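# An overview of the molecular structure
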Amino acid sequence: MKPVKNHPYLFCTFPGAILAVAAFFAIVNSEDSSPYLVIALFYGLGAMLLAPVLLLLLRSLRQKRKENRLHQKYLQYRELYLTDVKIEDPRFGTCIFEKDTNKHTLKLKQCPAPAPFGDSPLPRISIDIPEADVEKAFRALEHVYDRQQTFTAEFHQEVKEFCDEWEETDSQGAPVSLDLIRQNSSITDISIGRSFKGDLTASLKGSVTDDAGRDLLGCHSVVLRICCETGEREFDLEG
């Protein structure tokens, strides 16, 4: 449960409700209602009904100002440190990166689509690395594409194990089969970057549906992470 401080309108709603109820019963039980009681009644009703709306509007305006400030800071930062650079790679062609001269990093903005990955449509490719790792990142991406059949097969098998653990079924109520997974899963994202441990890692992310198009595994994505330095692989659920 969220603390009361996260709901400031309660400080106006509850006192307003108490005031309105007290004024109402005072008016009902009074033979000669004082105008002050009527004023108190409407004041309490106003506090009870209008305060939440006004506070939500104020919160929305404050959030919008915060977003504008962050956007202005980004624009200032971009003007100072961010530039677009073109990098040629023999396998993937001319790629455009956003270069951060403050952090000495490169983030991929545009890359000619290499090819579909297995039976999946063209995946989104993300590269976010230290500037010194650009050649390693391209070779890691090349390695992933060169072994796409192996990684796709491992991906399907791991999805099957996750589905078995979750006791997922197809539209007829039968356990999800490996053939169904092959036909209804796709790798949608390939990303190259440094892990929290500092290892250069290639991550393949995808999802799976049943034969009726229903998302499986609670709409989680299945992620295969490959350590480019040791070859070790691990799977996880995200989202």
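A quick note: this is a predicted structure, and the numbers were derived from the prediction, not measured.

### Here we look at a nonpolar patch on the surface
A cluster of nonpolar side chains, Val 53, Leu 54 and Leu 57, forms an exposed patch at the surface whose accessible area comes to about 280 Å². Inspection of the secondary structure assignment puts Leu 54 in helix α2 (residues 35–81). Judged by relative accessible area, Leu 54 falls into the exposed class, the value being 51%.

### A word on the sheet that holds strand β6 (residues 200–208)
Overall, mixed pairing links the eight strands, which are arranged β1-β2-β3-β4-β5-β6-β7-β8 in an open sheet. This sheet does not close on itself; its edge strands, each paired only once, are β1 (82–89) and β8 (233–238). Across this sheet, the average inter-strand angle for adjacent strands is 25 degrees, counted without regard to direction. When strand β3 (residues 105–110) meets strand β4 (residues 124–130), the two strands line up antiparallel, connected through three bridges.

### Examining the pattern of salt bridges
What the rule picks out here adds up to 18 salt bridges. A salt bridge links Asp 179 to Arg 182; the shortest N-O distance between them is 2.8 Å. Remark: Arg 182 and Asp 179 occur in helix α5 (residues 178–184); sequence separation between them is three residues, near one turn of the helix. For Asp 179, a relative accessible area of 49% translates into the label partly exposed. Classification of Arg 182 as partly exposed rests on a relative accessible area of 40%. Put simply, Asp 89, Arg 91, Glu 135, Arg 139, Glu 142 and Asp 146 are held in one network by salt bridges that share partners.

### Topic: the confidence of the model for the chain
Per-residue confidence for the chain gives a mean pLDDT of 83, with 76% of residues at or over 70. Across residues 1–5 the pLDDT falls below 50, and counting only partners more than four positions away or on other chains, this stretch makes three contacts in the model.

### Brief notes about the packing of aromatic side chains
One pass over the structure, following the stated rule, counts four aromatic pairs. Note on Phe 97 and Phe 138: the rings are 6.0 Å apart at their centroids and 90 degrees apart in plane angle, and the pair reads as edge-to-face. With Phe 97 in strand β2 (residues 93–100) and Phe 138 in helix α3 (residues 134–146), this pair connects stretches of sequence that are 41 residues apart. You can call Phe 97 buried: its relative accessible area is 0%. With relative accessibility at 2%, the residue Phe 138 sits in the buried group.

### Let's talk about α3
Between the first and last C-alpha of α3 there are 18 Å, a value that for 13 residues agrees with the 18 Å anticipated at 1.5 Å per step. Among the residues making up α3, those that are buried are Val 134, Ala 137, Phe 138, Ala 140, Leu 141, Val 144 and Tyr 145. Angularly, the buried residues of α3 cover 160 degrees about the axis, an arc narrow enough to put them on a single face.

### Side note on the nonpolar core
Formed by 39 residues in total, the largest nonpolar core has its most connected members in Phe 97, Ile 127 and Leu 204. Here this core gets seven residues from one element, more than from any other, and that element is α3. When residues no more than four places from it in sequence are discounted, the contact partners of Ile 127 are Phe 97, Leu 106, Lys 107, Leu 108, Ala 137, Leu 141 and Ile 192.

### Focus on the environment of Ile 187
Among the structural elements, Ile 187 can be located in strand β5 (residues 185–194). Judged by relative accessible area, Ile 187 falls into the buried class, the value being 2%. Each C-alpha atom of the pair Ile 187 and Lys 205 lies 5.5 Å from the other, and the pair is 18 residues apart in sequence.

### Observations concerning the pairing of β1
Put simply, side chains in a regular strand alternate between the two faces of the sheet. Note: β1 against β2, eight bridges, orientation antiparallel. For Glu 88, the partnering residue across the bridge sits in β2 and is Thr 94. Between β1 and β2, which pair antiparallel in sequence order, lie three residues.

Each value, and the rule that gives it
Residues numbered from 1 in each chain as written. Predicted model: local features only at pLDDT ≥ 70, side-chain atom pairs only at ≥ 80, totals over all residues. Heavy atoms only, no water. Patch = residues over 30% accessible without salt bridge, like charges linked within 9 Å, V, L, I, M, F, W, Y side chains within 5 Å. Areas by Shrake-Rupley, 256 points an atom, 1.4 Å probe, with all protein chains shown as cover. Salt bridge = Lys/Arg side-chain N within 4 Å of Asp/Glu carboxyl O. Helix = DSSP H or I, 4+ residues; strand = E, 2+ residues; numbered from the N terminus. Buried < 20%, exposed > 50% of the residue type's maximum accessible area, 1.4 Å probe, protein only. Pairing = 2+ DSSP bridges. Axes fitted to C-alpha atoms, helices over the stretch in contact; angles between N-to-C directions. pLDDT = per-residue confidence, 0-100. Contact = heavy atoms within 4.5 Å. Phe/Tyr/Trp six-rings, centres within 6.5 Å; stacked < 30°, edge-to-face > 60°. Expected span 1.5 Å × (residues − 1). Arc of directions from axis to C-beta. Core = buried A, V, L, I, M, F, W, Y, C linked by side-chain atoms within 4.5 Å.

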